[in-house]
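# Structural overview
Below are the chains, spelled out letter by letter.
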Amino acid sequence: MRLIHARPKATVIAMLVLLPALADAQQVCPSPTPVPPQVDPDSGATCHPSMCTPNLCARGDIAPLSSLAATRPLQDRLVLLDCSPHSIGPLQIFAEADPAAGGKSQLFQYYLLDSRSFQPSVLTTKIAGINDDPSTMRTSWGGNCNLSTLGAVRLALEPKPELPTDPDDPRAFIDIFTDIRGLFVINNESGWYEGWMISDLRVAPVGAADKHGHAPFGTITRDDLKLLAAMGGGNDATVGNFFTVDGNAPRFPSPSDHFPDRVTNLVPLQLSMGAYNSLQQSDAHNYWEFNYTTNWIHPAYELPFAGGFPDHRATEPADTYRDGELLRFASVVPGLGIGLNLDRRRAVLFGDNPDRPRDPDLFDSEVDAQREFRERFIPSALAREVVLSTFERLASFEPWEHDLTRRLDHAYKAAVALVDTNHDGIISAVEGDIDTKSSVCPQGDNTCLFLVPRQFDRFAVTREINDGFLAPRFAPSTRGWVLAGTIVTGFPVLQTSEGRDSDDR
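Residues numbered from 1 in each chain as written. Predicted model: local features only at pLDDT ≥ 70, side-chain atom pairs only at ≥ 80, totals over all residues. Heavy atoms only, no water.

A few words on the overall build of the chain. Of the regular secondary structure elements, the chain holds eight helices and twelve strands. Taken against the 2.2 N^0.38 rule, which gives 23 Å for 505 residues, the C-alpha radius of gyration of the chain at 24 Å falls within 12% of a compact globule. The principal-axis extent of the C-alpha atoms belonging to the chain is close to 75 × 60 × 50 Å. By residue count, 54% of the 505 residues in the chain fall in the buried class. If you take every contact in the chain between residues at least 6 apart in sequence, the share linking residues at least 24 apart comes to 71%. (Helix = DSSP H or I, 4+ residues; strand = E, 2+ residues; numbered from the N terminus. Rg over C-alpha atoms; globule rule 2.2 N^0.38 Å. Buried < 20%, exposed > 50% of the residue type's maximum accessible area, 1.4 Å probe, protein only. Contact = heavy atoms within 4.5 Å.)

The full count for this structure, using the stated rule, is 23 salt bridges. Between Asp445 and Arg171 there is a salt bridge, with its nearest N and O atoms 2.8 Å apart. Of the two residues, Asp445 sits in the loop between helix 8 (429–432) and strand 11 (458–464) while Arg171 sits in the loop between strand 4 (150–157) and strand 5 (174–181), which places them 274 residues apart along the sequence. Asp445 gets classed as buried once you look at its relative accessible area, which sits at 15%. Salt bridges linked by common partners bring Asp40, Asp42, Lys126 and Arg138 together as one network. (Salt bridge = Lys/Arg side-chain N within 4 Å of Asp/Glu carboxyl O.)

Glancing now at the environment of His86. You can see His86 is positioned in the loop between helix 2 (72–82) and strand 3 (106–114). Residues His86 and Thr294 lie 208 residues apart in sequence; the distance between their C-alpha atoms is 29 Å. The residues touching His86, leaving out its near neighbours within four places in the chain, are Met51, Thr53, Leu81, Gln281 and Asp283. A polar contact is formed between the side chain of His86 and the backbone oxygen of Asp82, at a distance of 2.8 Å. Of note is the side chain of His86, whose polar atom sits 2.7 Å from the backbone oxygen of Ser84. (Polar contact = N/O pair within 3.5 Å; in protein donor to acceptor, adjacent residues only side chain to side chain.)

Taking 1.5 Å per residue, 14 residues should reach 20 Å; helix 7 (residues 404–417) reaches 20 Å between its end C-alpha atoms and fits that length. If you check which residues of helix 7 are buried, you get Leu404, Arg407, Leu408, Ala411, Tyr412, Ala415 and Val416. End-on view of helix 7: buried residues confined to an arc of 155 degrees, all on one side of the axis. Those residues of helix 7 hidden inside the fold are in contact with strand 10 (378–379) and helix 6 (380–392). The residue sitting at the N-terminus of helix 7 and contributing the capping side-chain oxygen is Asp403; that oxygen lies 3.2 Å from the backbone nitrogen of Thr405. (Expected span 1.5 Å × (residues − 1). Arc of directions from axis to C-beta.)

To continue, consider the side chain of Arg371. Of note, Arg371 is situated in the loop between helix 5 (344–350) and strand 10. Within polar-contact distance, the side chain of Arg371 engages the backbone oxygen of Ala429 at 3.4 Å. Those residues in contact with Arg371 that lie beyond four places of it in its chain are Arg356, Leu362, Phe363, Asp364, Ser365, Ala429, Val430 and Asp433.

Bringing the environment of Ala275 into the picture now. Within the fold, Ala275 resides in strand 7 (residues 268–276). Taking C-alpha positions, Ala275 is 23 Å from Phe329, a pair spaced 54 residues apart along the chain. With residues up to four places along the chain from it excluded, the contact list for Ala275 reads Trp192, Tyr193, Glu194 and Asn286.

The structure is reproduced here in structure tokens:
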């Protein structure tokens, strides 16, 4: 980062008070103004000025946002990002169908991100005695003279003729656009930032138990609900409530949290948006496609070794790090558990073969033998099935087992067995395809194996390092987070795109 000359001390103090507020001030179309140059709080130097992209407010994916009160905050955030220091402006949404035939992309959901809604860490701010000395290098945070870190995430449906136009249909194809200001580029140890859509577990609907006393897919039994109702303050007695591990009112992540003893009581399912890095001006941009081929979640067996999961009781503090268990086993060969790389036979059958490198995106083909069979993820609603059995099915799933880690392990194996027709411990592309015939879902195919976008009520961005795991760093805690935000949806769908994708498969 280049700085221009230092200002007199009195001027610096005045600007330190004024500029942070101006930097986050609402930017309004059609005439936004550049964010004022910020003053570095340590050196007193001033960063270079920024500029707004001419006519951004008239762009076909930006202009429609002003038509609804519900989407104007998104427009304001996007122009604020654009009027801040940046290498490129907010990602342009190109239509994935013929715009002339009504095929413009349809915005139906978004998230606004910041770094203020969860416990601070050295990834987001200064911590006394740890990274507060002026000589200490800033890593994730502090770009452009400590300009606050903000972002926006947009979800737009592709209205192709052969695809659903309802975003709540699991077969719909949806584009996700992430734009962030103020994340320093990651240089060392193959690091990256990663986005996560988060679906917080709800108290499941009640279904009729089968002859073995088990709950149907996606449900709990009346006996389960009775046990949940007796927990804590009774929050879990109501179907549809956010499930809480202590039965008390939901506590979302908060800046007053203190890991590991005072944290959220929610149970998150986290769907990866892929990895990305920052550009020269500390802005970051990412595109991801949400559909039944990508709507898959990391294997739950990684959680006990990721760093934020309690060993034995859901209400106990997470002690993975203190017990020396962090990343104790590798998770590189798919199957029903961790450390399968030590099984030589399995590592040959399902490891990353140099002659046929594993590619989880090799999902579709009319020749099943050419589809990927070494998937480590599992479909999102099947992942929900794992946590339902672990946390909510206290009567209908192994009522004798009270150890949280063992319940998670057994629940994962039971969920995979529902779909794993060849019994190799892996949900292959063929087995997990939404159109594959199944006796699990009432539709007769795999439709029920997938959550839909509006079920993901939160979004987070983490700072990752290469630990070999697919789960978020320190999952399910917020200790690896650099940004977070909550869902905005329910507004009338807006046609928001400009131009057409040249390869709109």
